[in-house]
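# Breakdown of the fold
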Amino acid sequence: MASKAGGDGKEAINEQVIANTYANMRTEMNQFYTKITELEMEVSEHSLVIGAIEPLDPSRRCYRMIGGVLVERTIKEVLPAVKRNKEGLEEVIARMHEALERKKKEITEFELKYKIRIRKADNDAEDEGGKKEGTAQGVLVGPA
């Protein structure tokens, strides 16, 4: 009898460890998504800057923020640096996507190994969806 009680406690601990490990893996995957999105926004900003300054005269003055300091340069000096930074960000994003795919595969294998299934609260989602449809959010209408 005493050995059975000890075994149940160990099994509960193992389940808790597995659940914590799984939650940590999911958190890491979400962090990858967040970082990729952030870097993609930076690439988009770099593209906007490149598009704005490329057609201008290369000897024209422009300002660039370097380490919190605004520095005066010429477009000829800044444009190659901005393009290099954009390319570097794109390479980092590609590596992050690869790491994300590895993490997804690792999570899938973990789910199969421990027979993990995620329960979705369909009733909660439907209730929230109904509430959102009936309310106007973020709309400001002035007098006609």
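Residues numbered from 1 in each chain as written. Predicted model: local features only at pLDDT ≥ 70, side-chain atom pairs only at ≥ 80, totals over all residues. Heavy atoms only, no water.

The chain goes by Prefoldin subunit 2 in an unreviewed UniProt entry, where it is assigned to Miscanthus lutarioriparius. Regarding the chain, the relevant UniProt record gives this comment under Sequence similarities (unreviewed entry): "Belongs to the prefoldin subunit beta family." (UniProt positions renumbered as here; feature names shortened; annotations may be inferred.)

### Considerations on the pattern of salt bridges
One pass over the full model with this rule turns up 6 salt bridges. Note that E28 is salt-bridged to K103, the shortest N-O span being 2.5 Å. Of this pair, E28 sits in helix 1 (residues 2-53) while K103 sits in helix 2 (residues 75-114), placing them 75 residues apart in sequence. What makes E28 partly exposed here is its relative accessible area of 35%. With its nearest N and O atoms 3.3 Å apart, the salt bridge here joins E38 to K35. (Salt bridge = Lys/Arg side-chain N within 4 Å of Asp/Glu carboxyl O. Helix = DSSP H or I, 4+ residues; strand = E, 2+ residues; numbered from the N terminus. Buried < 20%, exposed > 50% of the residue type's maximum accessible area, 1.4 Å probe, protein only.)

### Here's the deal with the UniProt feature "coiled-coil region" (unreviewed entry) in the chain
With numbering aligned to this structure, UniProt lists the feature "coiled-coil region" (unreviewed entry) at residues 86-113. Regarding residues 86-113, the helix share stands at 100% and the strand share at 0%, and the terminal C-alpha atoms are separated by 40 Å.

### As for the side chain of K103
Accessibility expressed as a relative area gives 9% for K103, which makes it buried. If we skip the residues at most four places from it in the chain, K103 touches M25, E28, M29 and F32. (Contact = heavy atoms within 4.5 Å.)

### Description of the packing of aromatic side chains
Given two aromatic rings, their pairing is described by the distance between the two centres and the angle made by the two planes. Counted under the stated rule, the structure contains 2 aromatic pairs. Aromatic side chains Y22 and F110 sit 6.2 Å apart centroid to centroid with 10° between the ring planes, which places their arrangement in the stacked category. Of this pair, Y22 sits in helix 1 while F110 sits in helix 2; the two residues are 88 residues apart in sequence, bridging distant segments of the chain. Of the two residues, Y22 and F110, neither departs from the other in class, the shared state being buried. Relative to Y114, the ring of F110 has its centre 4.8 Å away and its plane inclined at 55°; by these criteria the two rings are tilted. Within this pair, F110 and its partner Y114 are both found in helix 2, separated by 4 residues, close to a single helical turn. Taken together, the aromatic side chains of Y22, F110 and Y114 make up a single cluster linked through ring pairs. (Phe/Tyr/Trp six-rings, centres within 6.5 Å; stacked < 30°, edge-to-face > 60°.)

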